[in-house]
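What follows is each chain in one-letter form.
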Amino acid sequence: EHHQWKKRRLSQATSSQGIREGATQGCHLRRHFSNNKILVELDEASGVAIMKLKNPPVNSLSLELLTEFSITIEKLEVDRSCRGVIFLTSAAPKIFSAGLDITEMSVQELWLLLNGSNMVTIAAINGSSPAGGCLMAMCCDFRIMADNPKYTIGLNETQLGIVAPFWLKDTITNILGHRLTEQSLQLGQMYTSALKIGLVDQLVPEDKVQSTAAYFLTDEKMHEDCNTSVVLRTLMFKALRKNSRVLCAFLREECNSVPRILSNLHKIININIYYRISL
Ligand SMILES: CCCCC/C=C/C(=O)SCCNC(=O)CCNC(=O)[C@H](O)C(C)(C)COP(=O)(O)OP(=O)(O)OC[C@H]1O[C@@H](n2cnc3c(N)ncnc32)[C@H](O)[C@@H]1OP(=O)(O)O
């Protein structure tokens, strides 16, 4: 299975299909990376990359999508004009992702990539998000979801007869805590009230999901959050997850220079770039 994935990945990387420079819109230079299943729009002025899944009808995580996902993340990781933010969202209405395409490959590579990423990642969940769709969102640093009672999110693996592996359990435990995770996995529960249990960070009207994700990076949001930038918060997260002393020391050093950082968002962005390089 892994061999098949590697083979596909290699052939797609070498064919390099669909990478093109986009047009200038106003004074903002936008670059579009596009392949069959993933659309990326990178705004060079803000350094914000929006990554859209487009695998109709339900955005299932097929082998092809997962392969393109890996290639895209790797490209963004090394792209200096991407200042570390992805809004992961769906190009289709109503469904964020139906999860793994059951007939195909493991989703573990996606988990490794998103968890190991040095970029700030935000899931803009604009529809239902069962199983692998939920996993993908949980691997992001923040989750913004459309406020629509028809949309559910959760790990329904048990209902499908799949035993959740330890890494999936650990991911949800980090977010929900131990007891709620047990309940959630035992029942294979899908939630309509994901905010209440903390599975998502914010519910917003459907047409505001993407703009709210974008707002996370602004100075206003930083001031709202007690003058703590999203980048520093994310560094803290990642340091905790990786439990790395080096990373914690680096974070402490950056926190000491907060007043200097606060005055200028670009400095924060530079820190993030430095952080990425220094790992
Ligand atoms: C050990 C490793 C752990 C990894 C953890 C991850 C595991 C997984 O992700 S397993 C997959 C779990 N996914 C689900 O349980 C989703 C099941 N689907 C749904 O709940 C719904 O389809 C929906 C809410 C996503 C969408 O509902 P709706 O808009 O009503 O659309 P339909 O149900 O009519 O579906 C349209 C079409 O899409 C096909 N489809 C749905 N889900 C998947 C899928 N996961 N993979 C492939 N195809 C899927 C569905 O069969 C329909 O096809 P047609 O009948 O041919 O139109």
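Please refer to the structure higher up on the page.
Summarised in this report is the structure supplied together with it. (Residues numbered from 1 in each chain as written. Predicted model: local features only at pLDDT ≥ 70, side-chain atom pairs only at ≥ 80, totals over all residues. Heavy atoms only, no water.)

**Side note on the pairing of strand 7 (residues 85-90)**
- Burial within strand 7 is extensive, with six of its six residues counted as buried.
- In terms of strand pairing, strand 5 (residues 48-53) meets strand 7 through six bridges, oriented parallel. When the bridges of strand 7 are listed, Met 51 appears paired with Leu 88.
- As judged from the four bridges shared by strand 7 and strand 10 (residues 120-125), these two strands associate in the parallel manner. By the bridge assignment for strand 10, Val 85 is matched with Val 120. (Buried < 20%, exposed > 50% of the residue type's maximum accessible area, 1.4 Å probe, protein only. Helix = DSSP H or I, 4+ residues; strand = E, 2+ residues; numbered from the N terminus. Pairing = 2+ DSSP bridges.)

**Focus on the site of the ligand**
- Taken together, 18 residues lie around the ligand, and Ala 98, Leu 100, Gly 132, Asn 156 and Glu 157 are the ones closest in.
- Taking Leu 100, its main chain carries an N or O atom lying 2.6 Å from an oxygen atom of the ligand.
- Out of a free accessible area of 1100 Å², the ligand has 54% covered by protein chains.
- Tallied by class, residues from the shell around the ligand come to twelve nonpolar, four polar and two charged. (Near = heavy atom within 4 Å. Polar contact = N/O pair within 3.5 Å; in protein donor to acceptor, adjacent residues only side chain to side chain. Areas by Shrake-Rupley, 256 points an atom, 1.4 Å probe, with all protein chains shown as cover. Nonpolar A, V, L, I, M, F, W, Y, C, P; charged D, E, K, R; others polar.)

**So, helix 6 (residues 178-187)**
- Within the sequence span of helix 6, burial applies to Thr 181, Ser 184 and Leu 185. The buried side chains of helix 6 occupy one side of the element, clustering within an arc of 90° when seen end-on. Summarising the geometry of helix 6, the exposed residues directed more than 90 degrees from the buried face are Gln 186 and Leu 187.
- Buried-residue contacts for helix 6 involve helix 5 (166-176) and strand 14 (190-191).
- The first or second residue beyond helix 6 is Gly 188, which carries a positive phi of 60°. (Arc of directions from axis to C-beta. Contact = heavy atoms within 4.5 Å.)

**Let's talk about the packing of helix 5 against helix 6**
- Following both chains from N to C, one finds helix 5 and helix 6 inclined at 130°, their axes separated by 8 Å at the closest point. Relative to helix 6, the element helix 5 lies oblique. Of the two elements, helix 5 crosses helix 6, and the hand of that crossing is right-handed. On the side of helix 5, the interface is formed by Lys 169, Ile 172, Thr 173 and Leu 176, while helix 6 contributes His 178, Leu 180, Thr 181, Ser 184 and Leu 185.
- In terms of residue class, the contact of helix 5 with helix 6 is built from four nonpolar, four polar and one charged. (Axes fitted to C-alpha atoms, helices over the stretch in contact; angles between N-to-C directions. Parallel < 35°, antiparallel > 145°, perpendicular 65-115°, else oblique. Left-handed = near helix turned anticlockwise from the far one by under 90°.)

**Re the nonpolar core**
- Within the largest apolar cluster, 64 residues are counted, with the highest numbers of intra-cluster contacts made by Met 51, Phe 69, Leu 88, Ile 122 and Met 136.
- If we ignore the near neighbours within four places in the chain, the residues touching Met 51 are Ile 38, Leu 39, Val 40, Phe 69, Thr 72, Ile 73, Leu 76, Ile 86, Phe 87, Leu 88 and Thr 89. (Core = buried A, V, L, I, M, F, W, Y, C linked by side-chain atoms within 4.5 Å.)

**Quick notes on the pairing of strand 10**
- Along strand 10, six of the six residues are buried, which leaves the element largely enclosed by surrounding structure.
- Along strand 10, one buried face is formed by Val 120, Ile 122 and Ala 124 and the opposite face, lined by Thr 121, Ala 123 and Ile 125, is buried too.
- Direction of pairing for strand 10 relative to strand 12 (residues 142-146): parallel, over a ladder of four bridges. Bridge pairing in strand 12 places Ala 124 opposite Ile 144.

**A few points about the environment of Leu 53**
- Within the element layout of this structure, Leu 53 appears in strand 5.
- Note: C-alpha distance between Leu 53 and Ala 91 (38 residues apart in sequence) is 5.6 Å.

**A short note on the packing of aromatic side chains**
- Scanning the entire structure with this criterion turns up one aromatic pair.
- Ring centres 5.3 Å apart and planes at 45° place the aromatic pair Trp 111 and Trp 167 in the tilted group. Here Trp 111, found in helix 3 (residues 108-116), pairs with Trp 167, found in helix 5; they are 56 residues apart in sequence, far enough to count as distant. (Phe/Tyr/Trp six-rings, centres within 6.5 Å; stacked < 30°, edge-to-face > 60°.)

**Digging into the packing of helix 2 (residues 63-78) against helix 3**
- One can describe the packing of helix 2 onto helix 3 by two numbers: an axis separation of 10 Å at closest approach and a directional angle of 15°. As the angle between them shows, helix 2 and helix 3 are arranged roughly parallel. The element helix 2 and its partner helix 3 pack so that their crossing is left-handed. In this structure, helix 2 contributes Leu 66, Phe 69, Ser 70, Ile 73 and Glu 74 to the contact, and helix 3 contributes Glu 109, Leu 110, Leu 113 and Leu 114.
- Among the residues making up the contact of helix 2 with helix 3, the classes are represented as six nonpolar, one polar and two charged.

**As for the sheet that holds strand 13 (residues 153-154)**
- With mixed pairing, four strands are arranged side by side in an open sheet as 8-11-13-14. Here the strands that pair on one side only, and so sit at the sheet edges, are strand 8 (94-95) and strand 14.
- Of the pairings in the sheet, the one linking strand 11 (residues 127-130) to strand 13 comprises two bridges and is parallel in character. Bridge assignment links Ser 129 to a residue of strand 13, and that residue is Ile 153.

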